[in-house]
Structure formats: C-alpha cells, structure tokens
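Residues per chain are reported as follows:
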Amino acid sequence: MAKVTHKREECIGCGACASIAPDYWSINESDGKADLKDAVKNEEGLMEVQIDESAVSENMQAQDSCPVSIIKVEE
Ligand code: SF4
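**Concerning the nonpolar core**
Among the nonpolar cores identified, the biggest contains twelve residues, and these are Val 4, Cys 11, Cys 17, Ala 21, Tyr 24, Trp 25, Ala 34, Leu 36, Met 47, Ala 62, Cys 66 and Ile 71. The residues touching Trp 25, leaving out its near neighbours within four places in the chain, are Cys 17, Ala 18, Ala 34, Leu 36 and Ala 62.

Quick look at the structure:
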C-alpha cells in the first residue's frame, strides 16, 4: 500500500490530475477543485487515502503534473 495526500485548499483546478488519473481524481463541479476519491481529512488537514501498489504509477504522474505541487505519493 501507498499513501496519497492532497492539499485541497491550494488546488487551482487545472484538471491535470483528473485527466491523467481519472480513476482517482475528479474535478468537483461545485467549487472547481480536485477531489481525491475516497480520501478523508487527516490530522494535518490534508485529504489522504491509501492506494494499492498498482495505482502508484498513475498517481505519481498526477503528482508530477500538478503545477502547484500539492499532490504527494508516499510508498
Ligand atoms: S493537478 Fe493539482 S492544481 Fe491541478 S486540479 Fe489536480 S490537484 Fe488541483
């Protein structure tokens, strides 16, 4: 398992994550920011979810494509 975190309040809604990894990321129609599927807020205020190893590569691409560097994948 790996962990993905998202500093959602700093999201600029560019849509890169959702186009690269649509199984895990989508753009919320109400506020235009990205939602990380099944994520819950952690004690640091970041949205966080555990993912399978098979999902790491796709989410790493999302991490590397985020223009404001608010996606982190930790193995
Ligand atoms: S790539 Fe980053 S800034 Fe763009 S929508 Fe996703 S989380 Fe937000």
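**Notes on the site of the ligand**
With respect to spatial proximity, 14 residues lie near the ligand, and among them Cys 11, Cys 14, Ala 16, Cys 17 and Cys 66 are the closest. Tallied by class, the residues present in the shell around the ligand amount to eleven nonpolar, three polar and no charged.

**What to know about helix H2 (residues 56-65)**
Among all positions of H2, only Asn 59, Ala 62 and Gln 63 are buried. Taken end-on, H2 shows its buried residues confined to a sector of 100°, consistent with a single buried face. Facing away from the buried side of H2, by more than 90 degrees, are the exposed residues Ser 57 and Asp 64. In this structure, the buried side of H2 is in contact with strand S1 (2-6), helix H1 (16-20), strand S2 (25-27), strand S5 (47-51) and strand S6 (71-74).

**What to know about unusual backbone geometry**
Peptide bonds are trans in most cases, and residues, glycine excluded, mostly fall at negative phi. Although it is not a glycine, Asp 38 adopts a positive phi angle of roughly 65°. With respect to the element layout, Asp 38 can be found in the loop between strand S3 (34-36) and strand S4 (40-41). Backbone geometry places Ser 69, a non-glycine residue, at a positive phi of 50°. In this structure, Ser 69 sits in the loop between H2 and S6.

**Focus on the environment of Val 56**
With respect to the helices and strands, the residue Val 56 is situated in helix H2. Considered as a pair, Val 56 and Ala 18 are 38 residues apart in the sequence and their alpha carbons are 15 Å apart. Those residues within four positions of Val 56 in sequence are excluded, and the remaining contacts are Ala 2, Ile 51, Val 73 and Glu 75.

**Things to note about the environment of Glu 48**
Note on placement: Glu 48 falls in strand S5. Sequence separation of Glu 48 and Val 73 is 25 residues, and the distance between their C-alpha atoms is 9.9 Å. The contact partners of Glu 48, leaving out residues within four places of it in the chain, are Lys 3, Thr 5, Ala 39, Val 40 and Asn 42.

**Describing the pairing of S1**
Alignment of S1 against S5, held across five bridges, turns out to be antiparallel. Bridge pairing in S5 places Lys 3 opposite Gln 50. Bridge analysis of S1 against S6 gives four bridges, and the strand direction is antiparallel. Paired with His 6 across the bridge in S6 is Ile 71.

Scoring rules and cut-offs
Residues numbered from 1 in each chain as written. Predicted model: local features only at pLDDT ≥ 70, side-chain atom pairs only at ≥ 80, totals over all residues. Core = buried A, V, L, I, M, F, W, Y, C linked by C-beta atoms within 7 Å. Buried ≥ 20, exposed ≤ 12 C-beta atoms within 10 Å, placed from the backbone. Contact = placed C-beta atoms within 7 Å. Near = placed C-beta within 6 Å. Nonpolar A, V, L, I, M, F, W, Y, C, P; charged D, E, K, R; others polar. Helix = DSSP H or I, 4+ residues; strand = E, 2+ residues; numbered from the N terminus. Arc of directions from axis to C-beta. Pairing = 2+ DSSP bridges.

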